[in-house]
Amino acid sequence: MKMQSLRSKIAIGLSVVLSAGLVATGLPSAHADTSGLQPTSAQLSAWKGKEITYYFYNDSQAELDITKAQIADFQKLTGATVKLDVIPYTSLDTQLQARIAAGNAPDVARLNNPGLYQSVSLNLETYMGRKYVDEFLKGSTFQVTDPKTKKLIGVPYDLSMNGPIINVDQFKKAGVAVPTSWNWTQLIAAAKKVQAANGTEYAFAMDKSGHRFSTILSQFNSYMVDKNQRNVLPQSKTRAIKTLKLITDLYKADLAPKDLWIGSGTKYASPVAVFVGQQVPVFFSGNFNLATLDSTAKFNFQVVPNPKEINGGGWPGGKFLTAFNSSKTPDLAAYFLHYLADTAQMEQMDKGAFWLPTRKDLVASGIKYPKRAADMDVYLADTGSTPAAAYGIQSVPTLTGLIYNYLRDLMTDVMGGKITAAQAIDKQIAFIDAQLATLKK
Amino acid sequence: MKTKNKVNRRRPSQSWRRRLTPYVFIMPNMAIFITFIIWPALRGIYISFFDSTDGRTFTFVGTANYKAIIGDPTAIEVARATATYVVFYVLIATTLAMFFAIVVNEQKFAKGFFRAVLFLPVMLSPVVVGLIWNDVLDRKVGPLNALLEAVGGGSPGWLIEPKLGMIAVIFVGVWVHLGFYSIILLAGLQGIDRSLLEAASMDGATRGQIIRLIILPLLKPTTLVIIILATIHGFQSFDFIYTLTGGGPFGATTLIVQYIYDHAFQVPIQYGLGSAAGVILFMVIFAFTALNFLLGRKRDAI
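Remember, predicted model here, so these are calculated numbers, not experimental data.

**Some points on the pairing of strand 2 (residues 81-86) of chain A**
All names here are of chain A. As paired strands, strand 1 (residues 51-56) and strand 2 are joined by 6 bridges and run parallel to one another. In the strand pairing of strand 2, F56 is matched with V86. The parallel pair strand 1 and strand 2, bridged by helix 3 (residues 61-78), forms a crossover whose chirality is right-handed.

Right, here's the structure in full:
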């Protein structure tokens, strides 16, 4: 009962925070004026025998299994066929952009960077009505709201939250208590102690991602873009340099898997296998890796709160569903998207794959995770304490990926001693300026 | 007279058919070749004069893409890395292929087995090759460094030191193609008349002299083919490098094809610039191949 009550409080808090995030970025929400999508019998008969393609990537096997089951149900419901194209995350945008350029766009896609596809995305309001957007947490719809037309061009499918995951067995062996609150100095000290006690290869590892590093920047109160599409990194330059140095020094000192980061060139890389292999006690990642860890880790692990410096909390992210305007059956594509993001399907996926919901009704009722509920509560709590400024970068949805990736590559150069942390931040400031200038053209 | 007239009427028809027949035979192949190779290549040249970020809208920019590549410091680094890779790859691959071809040719025991082992890497997917060697070359947990550490060789950062990264990709590139080149050279070796070698041996020529003065000169045309193939493979190397190093560390193993890939397919997409880089690659490979071929012919003529 106590836990249930805590979850409800967290859920309400999450809703408030995400709504506040929207206000902070200044993006308007659509006003409700029409009813939601309901397939007519004429539509159902027209859809029978039709085929749509779903371009999908998954972080875990659970996501794929649940998606397949949901597709099977959808096919029974509509008589249509859904062709599932499973794409590796690392080539998601590469392959999709090539397909769109070749005039072979899928009907529906699961994306993490929907801003890239604004011009070819289906206006969902045509099919779902303007009320539909109100079913989702306002903060989660920034990236699927066309900045020019303000129309909904996608659906927030899940909310992700970054944060540390620890190897509990290794912490216990080292006599280090599982942290309930900590800062970065304490995290690094604990990680080093656990590494020494267990003889692991590394003390700390994080996904090779500018998005993940932005979490740490936020904790030191440093941000790159604000709600008004302005470059705010110069205002927190000193703190950004300090934060960058803090993390890259771990790699330079071989306390973190330098080979994985530097040795993968300009590609994304995740040390999930390093953590599963018990080569590192602290893994800075997010809830999207929880299902994989749950099914593969042969040890006790646990999600712990994000370190708190000036700020606490994590960094918002998520995945989105988009339908494309080149679809030969746009109403079917829109309905499929609507189906995947409805309450029942989303709840099923959230429970099975440890996703955080984006639907207001699910946030209000709370998801009863059959496993790892305590871990999910940590993510929910961190979501609640994420500063509104963390949502600022979502005011430039077409540039977020570029800004994160450039930062990631600069981190590589700092780790290799090619440039200093100060030079990296200067370069990042210049890059953001150049990118923001393209919006004005 | 009647007979003569008949013969005169048939001759042009038969001659025309005879001339047409070979073209009919190669037509299906040529149709595929033109559709999937020539036409896209021509389109690539055409697109190189345009700017496009989405592949649907194109803006004519003249030679701006070529100028951008020439003025891009990254492109200069890529050209340097590509040149380094190609020179060492061609030299090492050709030399080792020759060595293994000669050794395998003289193998008396388990001939088939050794040839299969030599050829095995050729059959592996380049993507898999990259992944396998990525594990093998891992500085901390890779078996190669475990072996080196056991004999006091330290733990070199194969995938994090730029020079070692280049050595690693050259090594893996050679490893992948060595069997293919060796088998071609082996076929060339087996085409050499044995009586020449026996005669030289009976005349008192040493093993080294036989190789240097008989085998190598007679294998010159085959070696030229290997050099041309290795040069083309060297310039086109991408897949296994992409999975092995991703072009790192610090861009040290980013070769021209990855430069094209990054610009043409990675966000932010620049199809025109990628195409222009592709045209430059084509011109370079064409020039090197033509040079190799002409030099080879000149030497033969002498």
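**Notes on helix 18 (residues 421-440) of chain A**
Residues and elements named next belong to chain A. Between its first and last C-alpha atoms helix 18 spans 29 Å; for 20 residues at 1.5 Å apiece the expected length is 28 Å, and the two agree. Turning to helix 18, its buried residues are A421, A424, I425, Q428, I429, F431, I432, Q435 and L436. The secondary structure elements touched by the buried residues of helix 18 are helix 9 (237-252) and helix 17 (400-415).

**A closer look at the environment of K245 of chain A**
All names here are of chain A. Inspection of the secondary structure assignment puts K245 in helix 9. Taking relative accessible area as the criterion, K245 reaches 44% and is therefore assigned partly exposed. In sequence terms K245 and A422 are 177 residues apart; their C-alpha atoms lie 8.7 Å from each other.

**Let's talk about the domain arrangement of chain A**
Residue and element names in this part refer to chain A. Considered domain by domain, chain A is made up of domain 1 (2-159 + 317-388) and domain 2 (162-315 + 393-440). Counting residues at the interface gives 34 residues for domain 1, matched by 31 residues for domain 2. Taken over both partners, the interface formed by domain 1 and domain 2 buries close to 2,600 Å², and the fraction arising from carbon and sulfur atoms is 54%. Three residues, R372, Y379 and D382, lead the burial of domain 1 against domain 2; their summed loss comes to 22% of the area buried on that side. Linking domain 1 with domain 2 are 2 salt bridges, by the criterion used here. We note a salt bridge from D294 to R372, for which the minimum N-O separation is 3.1 Å. Run the count over domain 1 and domain 2 and you get 10 residue pairs in polar contact (both at pLDDT 80 or more). Elements supplying a minimum of two residues to the side of domain 1 that touches domain 2: helix 1 (2-25), helix 3, strand 8 (316-323) and helix 16 (373-384). Tallying contributions element by element places helix 16 first for the side of domain 1 that touches domain 2, with 5 residues.

**Overview of the interface of chain A and chain B**
Residue-level contacts link 26 residues of chain A with 28 residues of chain B. Taken together, the two surfaces of chain A and chain B that pack against each other cover about 2,100 Å², and 56% of this comes from carbon and sulfur. On the chain A side of the contact with chain B, T94, D259 and K267 of chain A bury the most area, a combined 26% of that side's loss. At the boundary of chain A with chain B, the tally comes to 2 salt bridges. Across the pair R139 of chain B and D254 of chain A runs a salt bridge, and its minimum N-O distance is 2.6 Å. Between chain A and chain B we count 6 residue pairs in polar contact (both at pLDDT 80 or more) in total. Of all elements in the fold, only helix 4 (92-101), helix 10 (258-262) and helix 17 of chain A reach the threshold of two or more residues within the side of chain A that touches chain B.

**A short note on the confidence of the model for chain A**
All names here are of chain A. Mean pLDDT over chain A stands at 88; residues scoring 70 or higher make up 91%. Every residue in residues 1-6 scores below 50 in pLDDT, and together they form 3 contacts with partners more than four places removed in sequence or on other chains. Within the model, pLDDT remains below 50 along residues 15-36, and this stretch shows 47 contacts once partners closer than five positions in the same chain are excluded.

**Remarks on the domain arrangement of chain B**
Partitioning chain B into structural domains gives domain 1 (2-47) and domain 2 (74-301). Centre-to-centre separation of domain 1 of chain B and domain 2 of chain B, based on C-alpha positions: 38 Å.

**Topic: the packing of aromatic side chains**
Residue and element names in this part refer to chain A. All chains considered together, the criterion is met by 38 aromatic pairs over all chains. Measuring from centroid to centroid gives 6.4 Å for F299 and F301, while their planes differ by 70°, and the two rings are edge-to-face. Sitting over the face of the ring of Y57, R110 holds its NZ or CZ atom 4.6 Å from the ring centroid. Its guanidinium or amino end placed over the ring of F301, R372 lies 3.7 Å from that ring's centre, counting from NZ or CZ.

**Concerning the pairing of strand 4 (residues 155-167) of chain A**
All names here are of chain A. When you tally the buried positions in strand 4, you get 13 out of 13 residues, the bulk of the element. Pairing analysis gives 5 bridges linking strand 4 to strand 6 (residues 282-286), with the strands arranged antiparallel. The residue bridging G163 from the neighbouring strand is S285, located in strand 6. Across 3 bridges, the pairing between strand 4 and strand 7 (residues 301-303) is antiparallel. By the bridge assignment for strand 7, N167 is matched with F301.

**Points about the pattern of salt bridges**
Residue and element names in this part refer to chain A. Counting across every chain of the model gives 21 salt bridges over all chains. Between K319 and D59 there is a salt bridge, with the nearest N and O atoms lying 3.8 Å from each other. Residue K319 is found in strand 8, and its partner D59 is found in the loop between strand 1 and helix 3; the two are separated by 260 residues along the sequence. Here D207 and R212 are joined by a salt bridge, their closest N and O atoms 2.8 Å apart. Residue D207 is classed as buried on the basis of its relative accessible area, which comes to 0%. Judged by its relative accessible area of 7%, R212 falls in the buried class. Within this structure, D294, K371, R372 and D375 form a network of salt bridges that share partners.

Criteria and cut-off values
- Residues numbered from 1 in each chain as written.
- Chains lettered and ligands numbered in written order.
- Predicted model: local features only at pLDDT ≥ 70, side-chain atom pairs only at ≥ 80, totals over all residues.
- Heavy atoms only, no water.
- Pairing = 2+ DSSP bridges.
- Helix = DSSP H or I, 4+ residues; strand = E, 2+ residues; numbered from the N terminus.
- Right-handed = clockwise from strand over helix to strand, strands pointing away.
- Expected span 1.5 Å × (residues − 1).
- Buried < 20%, exposed > 50% of the residue type's maximum accessible area, 1.4 Å probe, protein only.
- Contact = heavy atoms within 4.5 Å.
- Domains from an automatic or database assignment.
- Buried area = accessible area lost by both parts, 1.4 Å probe.
- Salt bridge = Lys/Arg side-chain N within 4 Å of Asp/Glu carboxyl O.
- Polar contact = N/O pair within 3.5 Å; in protein donor to acceptor, adjacent residues only side chain to side chain.
- pLDDT = per-residue confidence, 0-100.
- Phe/Tyr/Trp six-rings, centres within 6.5 Å; stacked < 30°, edge-to-face > 60°.
- Lys NZ or Arg CZ within 6 Å of the ring centre and 35° of its normal.

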